[in-house]
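# Structure at a glance
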Amino acid sequence: MDATANTVTSTLAAVRSVLGEASRTIALHEPEFGGREWDYVKECIDTGWVSSVGAFVDRFENDLRACTGASHAVATSNGTAALHICLLMAGVQPGDEVLMPALTFIATANAVSYAGAVPHFVDSETRSLGVDAQALNTYLGDIVELREGASFNRRTGARLRALVVMHVFGHPCDLDALADVAARWNLVLIEDAAESLGASYKGRHTGNVGRVSALSFNGNKVVTTGGGGAVLTNDASLGQRAKHLTTTARVPHRWSFLHDEVGYNYRLPNLNAALGCAQLEQLSSFVERKRALAERYAAAFESVAGIEFLREPAQTRSNYWLNAIVLAPEQADTRDALLAALNDAGYMSRPLWTLMHHLPMYAACPRAPLPVAESLETRVVNLPSSARLGA
Ligand SMILES: *Cc1c(COP(=O)(O)O)cnc(C)c1O
């Protein structure tokens, strides 16, 4: 057997030992509705409160505060909208550049575009797959021109306003080091915590280090509202502003329609919030079972040569949103054969997202050297990760 066939065979055996035979396709990540979802959604329909205000929206925001420890949470129509609001609250202006990883889901870059700013891509590291703080610091040393307490890109002349970091697959990135780099270069730190609900860094829930953070409750995330998101912050005035901006910037009044700026209709409907309340009640059960599943994958892959199962970084507790294996560089050529074999056998598997600068609309954006992200792009494979598989 050649090396490729060998890797494919041993990977299939490892996945089979964890998941059993797939009589029908085992999805990458499917939602689970085993709690009070029906009761809460029915309550919306019975009372007529299905739309953009209602008791479940308030309750969902309260529950989010309780589970993340953030002092303010504002529910939004989806995670991309939450990120857009985060960028506006960070003071991002049209023409600014926003540093962000090339290795992320498209929503991060699109939100920067919606704010009229330009994504500026930076490299990632192999432990968390998040932004590499040290490489970023060195890079900024090369390109930044400091003027009156602000950082400018000396090549483009644009202001470098913010740094968005992302917790890839629920593995917290190195927030302390990244916060230091952001402070040193006058950048507002934003966490794209869309994938990391239930995950913590040094004992603190993700989303509390950035000035503002975004969550997502899309159908494939750890907890779903169908579609939805939230802005988190520990700054009271930003919390109020997030609520205002996401609710058409309406000034409270008994009957008048007064709006004091261009706002957004980014509210989460009560129906979706009802689903979210029932889902949040199960968050710790979801995360525990996902972590148990990850342990079993980790054990199964210990004996597979040339493949590493991605573990949570030290001092973090991951939610293991999506389990991932990383092929050794000399095994990168095996990836497509591996994906074909896994999917053929009924184990839904996916490669890493195409890096942002490899997509047509972001190809011309400024970027740091991206050797790690470019290598990872060819070597990461996600495996089925639903909570039910860890039961
Ligand atoms: C899911 C996700 C989002 C938000 O997606 P929505 O579908 O708009 O809720 C943002 N960033 C990352 C990294 C994501 O994975």
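Heads up: the structure comes first, above all this text.
Our subject in this report is the structure included herewith. Remember, it's a predicted structure, so these values are computed and weren't measured experimentally.

Let us now look at the sheet that holds strand β13 (residues 316-317). Spatial ordering of the open sheet is given by β9-β8-β13, a layout of three strands whose pairing is antiparallel. Here the strands that pair on one side only, and so sit at the sheet edges, are β9 (204-205) and β13. As judged from the two bridges shared by strand β8 (residues 200-201) and β13, these two strands associate in the antiparallel manner. Along β13, the bridge assignment pairs S200 with R317.

The next subject is the sheet that holds strand β14 (residues 323-327). Read from one edge of the open sheet, four strands run β12-β14-β16-β15, paired in antiparallel fashion. The open sheet terminates on both sides in strands that have one partner only, identified here as β12 (307-309) and β15 (350-351). Bridge analysis of β12 against β14 gives three bridges, and the strand direction is antiparallel. When the bridges of β14 are listed, E308 appears paired with V326. Set on the sheet, helix α11 (residues 335-344) makes contact with β12, β14, β15 and β16 (380-383); between it and β16 the angle comes to about 10°.

Assignment of secondary structure puts T76 in strand β1 (residues 72-76). For T76, a relative accessible area of 0% corresponds to the buried category. Within the local environment of T76, its side chain forms a polar contact with the backbone oxygen of N78, the two atoms lying 2.9 Å apart. Aside from chain neighbours lying at most four places away, what touches T76 is A82, G228, G229, A230, V231, T246, Y266, R267 and L268.

Right, let's talk about a nonpolar patch on the surface for a bit. There is a patch of nonpolar side chains on the surface, built from I45, V50 and L271 and spanning about 230 Å² of accessible area. Take L271: it is sitting in helix α9 (residues 270-280).

Looking now at the site of the ligand. Near the ligand there are 15 residues, and of these G79, T80, E195, S216 and K221 occur at the shortest range. The contact in question runs from an oxygen atom of the ligand to an N or O atom on the side chain of K221, over 3.2 Å. Calculation on the ligand without its partners gives an accessible area of 380 Å², and the protein chains cover 92% of this total. Examining the composition of the shell around the ligand, we find that three residues originate from one element, helix α4 (residues 79-89), more than from any other. The class makeup of the residues in the shell around the ligand is five nonpolar, seven polar and three charged.

So, about helix α10 (residues 283-301). Spanning 19 residues, α10 covers 27 Å between terminal C-alpha atoms, matching the ideal 27 Å at 1.5 Å per step. Among the residues of α10, L283, F286, V287, R289, K290, R291, L293, A294, Y297, A298, A300 and F301 are the ones counted as buried.

All right, on to the packing of aromatic side chains then. Considering all chains together, one arrives at seven aromatic pairs under this definition. Centre to centre, the rings of Y40 and F56 are 5.3 Å apart; their planes meet at 35°, and the pair counts as tilted. One end of the pair, Y40, is in helix α2 (residues 37-47); the other, F56, is in helix α3 (residues 55-68), with 16 residues separating them in the sequence. Here Y40 matches F56 in class, with each residue buried. The aromatic ring of Y40 is capped on one face by R59, whose charged end is 4.6 Å from the ring centroid. Here the basic side chain of K221 rests over the ring of F105, its NZ or CZ set 6.0 Å away from the ring centre.

Across the two faces of strand β5 (residues 150-153) the burial is the same, with A150 and F152 and S151 and N153 all buried. One ladder, built from four bridges, connects strand β4 (residues 144-147) with β5; its direction is antiparallel. In the strand pairing of β5, R147 is matched with A150. In sequence, β4 turns back onto β5 through a hairpin of two residues, with E148 there showing a positive phi of about 45°. Of the strand pairs in this sheet, β5 and strand β6 (residues 159-166) are connected by two bridges, and their pairing is antiparallel. When the sheet's bridge partners are listed, F152 is paired in β6 with R159. Count of turn residues in the β5/β6 antiparallel hairpin: five residues, of which G157 carries a positive phi of about 80°.

With that settled, consider the side chain of Q331. Note that Q331 resides in the loop between β14 and α11. Beyond its immediate chain neighbours, meaning those up to four positions away, Q331 contacts T7, A305 and G306.

Okay, the pattern of salt bridges next. Enumeration over the complete set of coordinates arrives at 15 salt bridges. Close ionic contact of R16 with E21 constitutes a salt bridge, the shortest N to O distance being 3.1 Å. The partly exposed category is assigned to R16, whose relative accessible area is 31%. Accessibility expressed as a relative area gives 59% for E21, which makes it exposed. Notably, a salt bridge pairs E30 with R388, separated by 2.5 Å at the nearest N-O pair. Pair noted here: E30 is in the loop between α1 (3-19) and α2 and R388 is in the segment after β16, with a separation of 358 residues, a long-range link. Look at the salt bridges and you will find they share partners, linking R36, R59 and E281 into a network.

Parameters at a glance
- Residues numbered from 1 in each chain as written.
- Predicted model: local features only at pLDDT ≥ 70, side-chain atom pairs only at ≥ 80, totals over all residues.
- Heavy atoms only, no water.
- Pairing = 2+ DSSP bridges.
- Helix = DSSP H or I, 4+ residues; strand = E, 2+ residues; numbered from the N terminus.
- Contact = heavy atoms within 4.5 Å.
- Axes fitted to C-alpha atoms, helices over the stretch in contact; angles between N-to-C directions.
- Buried < 20%, exposed > 50% of the residue type's maximum accessible area, 1.4 Å probe, protein only.
- Polar contact = N/O pair within 3.5 Å; in protein donor to acceptor, adjacent residues only side chain to side chain.
- Patch = residues over 30% accessible without salt bridge, like charges linked within 9 Å, V, L, I, M, F, W, Y side chains within 5 Å.
- Areas by Shrake-Rupley, 256 points an atom, 1.4 Å probe, with all protein chains shown as cover.
- Salt bridge = Lys/Arg side-chain N within 4 Å of Asp/Glu carboxyl O.
- Near = heavy atom within 4 Å.
- Nonpolar A, V, L, I, M, F, W, Y, C, P; charged D, E, K, R; others polar.
- Expected span 1.5 Å × (residues − 1).
- Phe/Tyr/Trp six-rings, centres within 6.5 Å; stacked < 30°, edge-to-face > 60°.
- Lys NZ or Arg CZ within 6 Å of the ring centre and 35° of its normal.

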